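Each chain, written out:
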Amino acid sequence: MGAFVENLGVCTITRAEIMAAIRGLQLAWRNGYRKVLLQMDSTTAINILTASEHMEQRYFILVQQFQELLNKSWEVKISHIYREGNKVADFLANKGHSSSIGYHDFDVSDAGLSFWILYDCLGISQTRLI
């Protein structure tokens, strides 16, 4: 397994979500994974990345990068998950906010991350207030 955070500086949440999807797929490909489940908590980002037409111009280059990754010889399924259902992603997003600008790989054995991996694997849920 691998993990990363990336501090993009000032940008929209949607751009950050799309960049996380791209970086995550790049990491999975480099590590040899050929069956990937990409879970995202942003339906807006999912819709932008999977739209076959009427692409928003401001995300055009990112969507092209994403589509190039999908066209590789592998199976990638994209699904929506609430933030409460993926504590690992939530932990990494928070860690990214406090890191220096740029992309940072780090060891999955990080104590905080190991806890949240176990939490997610056990299917521990949390009440979502709407």
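Residues numbered from 1 in each chain as written. Predicted model: local features only at pLDDT ≥ 70, side-chain atom pairs only at ≥ 80, totals over all residues. Heavy atoms only, no water.

### Section: the overall build of the protein chain
From N to C terminus, the protein chain includes five helices and four strands. Each helix and strand of the protein chain, placed in order from N terminus to C terminus, yields the pattern β-α-β-α-α-β-α-β-α. Its C-alpha radius of gyration of 15 Å places the protein chain within 12% of the 14 Å reference for a compact globule of 130 residues. The buried share among the 130 residues of the protein chain stands at 32%. Long-range contacts, defined as pairs at least 24 residues apart, comprise 75% of the intrachain contacts of the protein chain with a sequence gap of at least 6. (Helix = DSSP H or I, 4+ residues; strand = E, 2+ residues; numbered from the N terminus. Rg over C-alpha atoms; globule rule 2.2 N^0.38 Å. Buried < 20%, exposed > 50% of the residue type's maximum accessible area, 1.4 Å probe, protein only. Contact = heavy atoms within 4.5 Å.)

### Quick notes on the environment of Glu56
Secondary-structure assignment places Glu56 in the loop between helix 2 (43-50) and helix 3 (60-70). The class for Glu56 is partly exposed, based on a relative accessible area of 31%. Linking Glu56 and Gly112, residues 56 residues apart in sequence, is a C-alpha distance of 37 Å.

### Concerning the confidence of the model for the protein chain
When pLDDT is averaged along the protein chain, the result is 84; 90% of the residues meet or exceed 70. Across the protein chain, the element-wise mean pLDDT spans from 74 in helix 5 (residues 111-121) up to 95 in strand 3 (residues 75-80). (pLDDT = per-residue confidence, 0-100.)

### What about the pattern of salt bridges?
Tallied over the full model, the rule gives three salt bridges. Across the pair Arg23 and Glu6 runs a salt bridge, and its minimum N-O distance is 2.8 Å. Here the residue Arg23 occupies a position in helix 1 (residues 13-30), and Glu6 occupies one in strand 1 (residues 3-7), the gap between them amounting to 17 residues. Residues joined by salt bridges that share partners form a network here, namely Lys35, Glu75 and Lys77. (Salt bridge = Lys/Arg side-chain N within 4 Å of Asp/Glu carboxyl O.)

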